[in-house]
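Structure at a glance
For reference, the chains in residue letters:
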Amino acid sequence: MQHIIIRNVINSELAVSTESGMKVFELVDTYLQKKEKVELDFAGITIIITAFLNAAIGSLYSKKEYTPQFLNEYLKLENVEKDDRILFRDVIQRAKEYFADRESFERNSNDAIYGND
């Protein structure tokens, strides 16, 4: 199992940018492609926001080979604060919905924002 310390990957205790999330995504993706289990360790991270999580974890759901079952088996989280678990759950749920039917999701979002023509 690959043990990834998020703080070391992003060189910060703040998991707040999409760019930092993409660094994590790219690293995790390299291991998952080889079917290696990955443990993401959030020790020392003081702030996590959804922009980071969407890039780091939500993006994994864009890859057809990474089914929710596969990710449940091959991706583990460690040292996530109790309050932050809600963010993870929300990001994962939205990613599953979005990537399951991206076109419909975007159309419905645009309709909600801009209204129906």
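Everything discussed here concerns the structure shown above.
Summarised in this report is the structure supplied together with it. (Residues numbered from 1 in each chain as written. Predicted model: local features only at pLDDT ≥ 70, side-chain atom pairs only at ≥ 80, totals over all residues. Heavy atoms only, no water.)

**Some remarks on the nonpolar core**
Residues Ile6, Val28, Leu32, Leu40, Phe42 and Phe52 are the most contacted members of the largest nonpolar core, which totals 29 residues. Those elements that provide at least two residues to this core are helix 1 (6-10), helix 2 (18-33), strand 3 (38-41), helix 3 (50-56), helix 4 (68-74) and helix 5 (85-100). Broken down by element, the residue count for this core peaks at five residues, all from helix 2. Sequence-distant contacts of Leu40, defined by excluding residues within four places in its chain, comprise Ile4, Ile6, Val24, Val28, Ile57, Leu75, Lys76, Leu77 and Glu78. (Core = buried A, V, L, I, M, F, W, Y, C linked by side-chain atoms within 4.5 Å. Buried < 20%, exposed > 50% of the residue type's maximum accessible area, 1.4 Å probe, protein only. Helix = DSSP H or I, 4+ residues; strand = E, 2+ residues; numbered from the N terminus. Contact = heavy atoms within 4.5 Å.)

**Some points on the pattern of salt bridges**
Counting across every chain of the model gives four salt bridges. Asp29 is paired through a salt bridge with Lys63; the nearest N and O atoms lie 3.0 Å apart. Remark: Lys63 occurs in the loop between helix 3 and helix 4 and Asp29 occurs in helix 2; sequence separation between them is 34 residues. Each member of the pair Asp29 and Lys63 is classed as buried. The partner of Glu36 in a salt bridge is Lys34, with the nearest N and O atoms 3.7 Å apart. The partly exposed category is assigned to Glu36, whose relative accessible area is 26%. Because the salt bridges share partners, they merge into one network encompassing Asp29, Lys63 and Glu65. (Salt bridge = Lys/Arg side-chain N within 4 Å of Asp/Glu carboxyl O.)

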